[in-house]
Amino acid sequence: MTPDDAERAFTEFARTHSTRALAYAFFCCNNRPLAEDTVQEAFVRMWKAGPNSVDQIFHPYAYLGRTIRNLLVDVHRTAQRRLEEVAWEDERDGQLPDSCNVAEEATFRAMGRDLKAAVATLEEIQQDLIYCIYYEQLPIRAASRTLGLTETTARRYHRAALSRLREIIGCDSEEDQDGGR
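Keep in mind that what you see is a predicted model, and the values were worked out from it rather than measured.

A separate point is the pattern of salt bridges. Tallied over the entire structure, the rule returns ten salt bridges. Across the salt bridge formed by Glu-41 and Arg-45, the nearest N and O atoms sit 3.1 Å from each other. Taken as a pair, Glu-41 and Arg-45 lie in helix H2 (residues 32-48) at a separation of four residues, close to a single helical turn. According to the relative accessible area criterion, Arg-45 is partly exposed, its value standing at 41%. Residue Arg-164 pairs with Glu-167 through a salt bridge whose shortest N-O separation is 3.3 Å. With Arg-164 and Glu-167 both in helix H8 (residues 151-169) and three residues apart, the pair spans about one turn of that helix.

What follows is the structure in structure tokens.
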């Protein structure tokens, strides 16, 4: 592959996956400026891995996702070392929608924090799988390919993750036990 072809392939990969990568980074850190910087740095690192990296890496999007997660872990560790807090604020800056009931919003945010805390207790691969299936709305087969797993392994991780989340959060009804997938 010529350098121009490699650059075109990488540019197309970046154009195709940038929105999805930003959504994943934002999901992980809940801070849009940090997510944007992280995605940009992840693409730079992917390019530095080799101009032909898009064609040479078995699962380029999985590689990009792992790079994003690693960069965010580095940011978090650096902040902890300096005893600084990284702002993990809600993107709405605390503003409530006009039509929203304050009590409902408080309940919704509390449930969101509880769910995010519960998901954080899972193994990283399980967290990534939960993200792909429930946030990106991918079927388990596509999620397994995205993460570089066999479908059987992805299903095993998915069942284990749902079981663990049910232990932590609990279920209100029979419908919740279904899992939906």
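Right, let's talk about the packing of helix H1 (residues 3-29) against H2 for a bit. Geometrically, a packed helix pair is captured by the angle between its two axes and the distance between the axes. Two elements in contact, H1 and H2, have axes separated by 9 Å at closest approach and are oriented at 145°. Judged by the twist between their axes, the crossing of H1 over H2 is right-handed. Contacts from Ala-6, Glu-7, Phe-10, Phe-13, Ala-14, His-17, Ser-18, Ala-21, Leu-22, Ala-25, Phe-26 and Cys-29 in H1 reach Arg-32, Leu-34, Ala-35, Glu-36, Val-39, Phe-43, Met-46 and Trp-47 in H2. Per-class residue counts for the contact of H1 with H2 are 15 nonpolar, two polar and three charged.

Here H2 is 17 residues long and its end C-alpha atoms lie 24 Å apart, about the 24 Å a rise of 1.5 Å per residue gives. Those residues of H2 lying buried are Leu-34, Ala-35, Thr-38, Val-39, Ala-42, Phe-43 and Met-46. Relative to the axis of H2, the buried residues are bounded by an arc of 165° and lie together on one face. Facing away from the buried side of H2 by more than 90 degrees, the exposed set consists of Pro-33, Asp-37, Gln-40 and Lys-48. Of the residues that open H2, the one with a side-chain oxygen 3.1 Å from the backbone nitrogen of Leu-34 is Asn-31.

Backbone geometry at Asn-30 places phi at a positive 55°, although glycine is not the residue there. Positionally, Asn-30 belongs in the loop between H1 and H2. Asn-30 sits in the partly exposed class, given a relative accessible area of 24%.

Before going further, it helps to examine the confidence of the model for the chain. Chain-level pLDDT for the chain is 78 on average; 75% of the residues reach the 70-or-more range. For the chain, helix H9 (residues 174-178) is the element with the lowest average pLDDT, namely 49, and H8 is the one with the highest, namely 92. Low pLDDT, under 50, characterises residues 83-92; the predicted model gives this stretch 18 contacts beyond four residues in sequence or across chains.

Conventions and cut-offs
Residues numbered from 1 in each chain as written. Predicted model: local features only at pLDDT ≥ 70, side-chain atom pairs only at ≥ 80, totals over all residues. Heavy atoms only, no water. Salt bridge = Lys/Arg side-chain N within 4 Å of Asp/Glu carboxyl O. Helix = DSSP H or I, 4+ residues; strand = E, 2+ residues; numbered from the N terminus. Buried < 20%, exposed > 50% of the residue type's maximum accessible area, 1.4 Å probe, protein only. Axes fitted to C-alpha atoms, helices over the stretch in contact; angles between N-to-C directions. Left-handed = near helix turned anticlockwise from the far one by under 90°. Contact = heavy atoms within 4.5 Å. Nonpolar A, V, L, I, M, F, W, Y, C, P; charged D, E, K, R; others polar. Expected span 1.5 Å × (residues − 1). Arc of directions from axis to C-beta. Polar contact = N/O pair within 3.5 Å; in protein donor to acceptor, adjacent residues only side chain to side chain. pLDDT = per-residue confidence, 0-100.

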